[in-house]
Amino acid sequence: LLLTADFTSIIGCITVLVGFWRLRLMRNHITRVIAYFCVTSAIKDIVAVTLTLSKAYLNSKFACYLYAVDITFGSFSCWMWTLCLAISIYIVIVQIHVVPDRFEKYYMIVSWGLPLISCIIMVSTPNLVSNVGSWCWIGAKYPGYRFGLFYIPFFVIFAAAAIMVGLTSHYTYKVLTSGISKTVESKHGAYQFKLINYIIVFLICWVFAVVNRILNAFNLYPYATNLLHTYLSVSHGFYASLVFIYNNPMMWRYFGAKLLFPLTLLGLFQETYRTLEKNKYNNNSSLQGATPKYMSQKTCQTSGGSLDHSHQSQGLSQGQSGFESGIRLDTEEMSLEMSQISIVSHGNSSTDNLGSNSSANDLSDQ
C-alpha cells in the first residue's frame, strides 16, 4: 500500500510537470508554484520508494535518518507550497495590481527553509529518530516533538491556506452574485469548486494522520486510522495532481488525446480523439468548437495568461481584471460577462481594455 501510494504520487506529479513542459501556453506564476509543489513531492516519493525497496533504513542509521528527513522536509514543504498557491490565487484574483511573480523567491525561502529548520532540530536531538514500522521518523516516545516539529505547523499552514481560500471565494461570490449576468451567476458553483478543491484534498490527505498521531499519544493504535494515515498522507501528491489536471482543461485534453491515439489505430474513439485534439489548445471547459493554436495564444495573452513576467506586468498595468488573470490560470476560462463584472467591481472602465477582452473571448468561443 505504501509503495502504491508512492508510485501513484510520482506518476501524478511527473504527469503535471510534463504537461506544463509541453503546453507552453500554461506557463505562468500559478503553474510555476504548482510545479514547485510537484517537484518537491516527486523527489520525496522517489527517495521514499528507494529506501522502502532497499530496506536500508532497517540496518543503516544514516538511511534511517535520511528517511525521517525525507518525510519531514518533503511533507512540510508540500504544505507550504499549497499555502503559497492559495496566496497567489488570492493575489491574482483579488489584489490585481500586485504582481505575484516577485514573491516567488520568498516562497522558496519559506517553503524550503522552514522544513529545513524542523529537520535540523529533529536530527540534532539524540535518540529522537527511530524505526517506527514502515519507515523511520520521530519515535512514539516523543509526541511533543512530533506535534511541535510537524503537526502544529500543519494546523497553522492549513488554517492560513483556508483563510486565503475563504477570502478569495468570498470575493468571487460577491462578484458572481452581483446581478450583472445570470449566465455568469449560474457558473458560480463550478468556479468556487475549482478555487477550493485543492485545499479540500490537502485536508483529506492529512486529517487522518493528525487523528492517528493524537490516538498514538494515548497509546491507541487502531488499524483503520493507521491505514488511512499511511495511504492518504503518502498519496497527497497523486490527488493534488489530479486536481491540478482537472482544473486545467487544456491539460486533460492534451493527455486525453495522447491516451486515445493508440486506440484510434484500432478504429476506436476516433471522434472523441479528433474533438480533444482539435480543442487541446483551448482552455475552455466545454468542447464547443475548435480553437486553433494561434487563436488560443492571442486569447491567453489578452486574457491574462501571461507567458512571462513582462506580459503579466503589462496586463496588470492596463487594469487587467483579477478574474481574467486568476481563474483562467488555475480553473477555467472567463466569459465576456465575467470580464465586465470584474472590471466594474474594481471601478475600471477602460474601453480599450474591455475591447481587447471582448476580442479575446470571441476567439476563445469559436
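As a reminder, the structure under discussion sits directly above these lines.
Residues numbered from 1 in each chain as written. Predicted model: local features only at pLDDT ≥ 70, side-chain atom pairs only at ≥ 80, totals over all residues. Heavy atoms only, no water.

(A) The arrangement of the packing of helix 1 (residues 2–22) against helix 2 (residues 29–54) in detail. Look at helix 1 against helix 2: their axes get within 8 Å of each other, and the N-to-C directions meet at 150°. In this structure, the crossing between helix 1 and helix 2 has a hand that is left-handed. In terms of residue class, the contact of helix 1 with helix 2 is made up of 17 nonpolar, four polar and two charged. (Axes fitted to C-alpha atoms, helices over the stretch in contact; angles between N-to-C directions. Helix = DSSP H or I, 4+ residues; strand = E, 2+ residues; numbered from the N terminus. Left-handed = near helix turned anticlockwise from the far one by under 90°. Nonpolar A, V, L, I, M, F, W, Y, C, P; charged D, E, K, R; others polar.)

(B) Structural detail: empty space enclosed by the protein. In this structure the tally under the stated criterion is six cavities of 30 Å³ or more. Size it by volume and the largest cavity reaches roughly 210 Å³. For the largest cavity, the lining is made up of 17 residues, of which Ile71, Ser75, Trp135, Ser233 and Val234 are closest to its centre. Within the lining of the largest cavity, the residues separate by chemical class into 10 nonpolar, three polar and four charged. (1 Å grid on protein atoms, 1.4 Å probe; cavity = no way out; pocket = protein on both sides within 12 Å on 5 of 7 lines; lining within 4 Å. Points joined across faces, edges and corners; volume = space filled by probe spheres on them.)

(C) Inspection of a positive patch on the surface at higher detail. A surface patch of like charges, here positive, comprises Arg22, Arg24, Arg27 and Lys258. Secondary-structure assignment places Arg27 in the loop between helix 1 and helix 2. (Patch = residues over 30% accessible without salt bridge, like charges linked within 9 Å, V, L, I, M, F, W, Y side chains within 5 Å. Areas by Shrake-Rupley, 256 points an atom, 1.4 Å probe, with all protein chains shown as cover. Salt bridge = Lys/Arg side-chain N within 4 Å of Asp/Glu carboxyl O. Lys, Arg positive; Asp, Glu negative; His and termini not counted. Charge placed at Lys NZ, Arg CZ, Asp CG, Glu CD.)

(D) Just the state of the cysteines, in detail. Overall, the coordinates contain one disulfide when judged by the stated rule. At a sulfur-sulfur separation of 2.1 Å, the disulfide partner of Cys64 is Cys136. Across the disulfide from Cys64 to Cys136, rotation about the S-S bond amounts to roughly -110°, and the bridge is consequently left-handed. Of this pair, Cys64 sits in helix 3 (residues 61–93) while Cys136 sits in strand 2 (residues 136–138); the two residues are 72 residues apart in sequence, bridging distant segments of the chain. Of all cysteine sulfurs, the one in Cys13 lies closest to Cys38, which takes part in no disulfide; the gap is 4.3 Å. (Disulfide = S-S within 2.5 Å.)

(E) Focus on the environment of His170. Secondary-structure assignment places His170 in helix 5 (residues 143–176). Along the sequence, His170 and Gln192 sit 22 residues apart, while their C-alpha atoms lie 9.3 Å from each other.

(F) Region of interest: the pattern of salt bridges. Inspection of the entire model under this criterion finds four salt bridges. For Arg32, the salt bridge identified is with Asp101, shortest N-O distance 2.7 Å. Of this pair, Arg32 sits in helix 2 while Asp101 is found in the loop between helix 3 and helix 4 (104–124), placing the two residues 69 residues apart along the sequence. With relative accessibility at 29%, the residue Arg32 sits in the partly exposed group. The class for Asp101 is buried, based on a relative accessible area of 12%. When the shortest N-O distance is used, the salt bridge between Arg32 and Glu104 registers 2.7 Å. With Arg32 in helix 2 and Glu104 in helix 4, this pair connects stretches of sequence that are 72 residues apart. Sharing partners across several salt bridges, the network here consists of Arg32, Asp101 and Glu104. (Buried < 20%, exposed > 50% of the residue type's maximum accessible area, 1.4 Å probe, protein only.)

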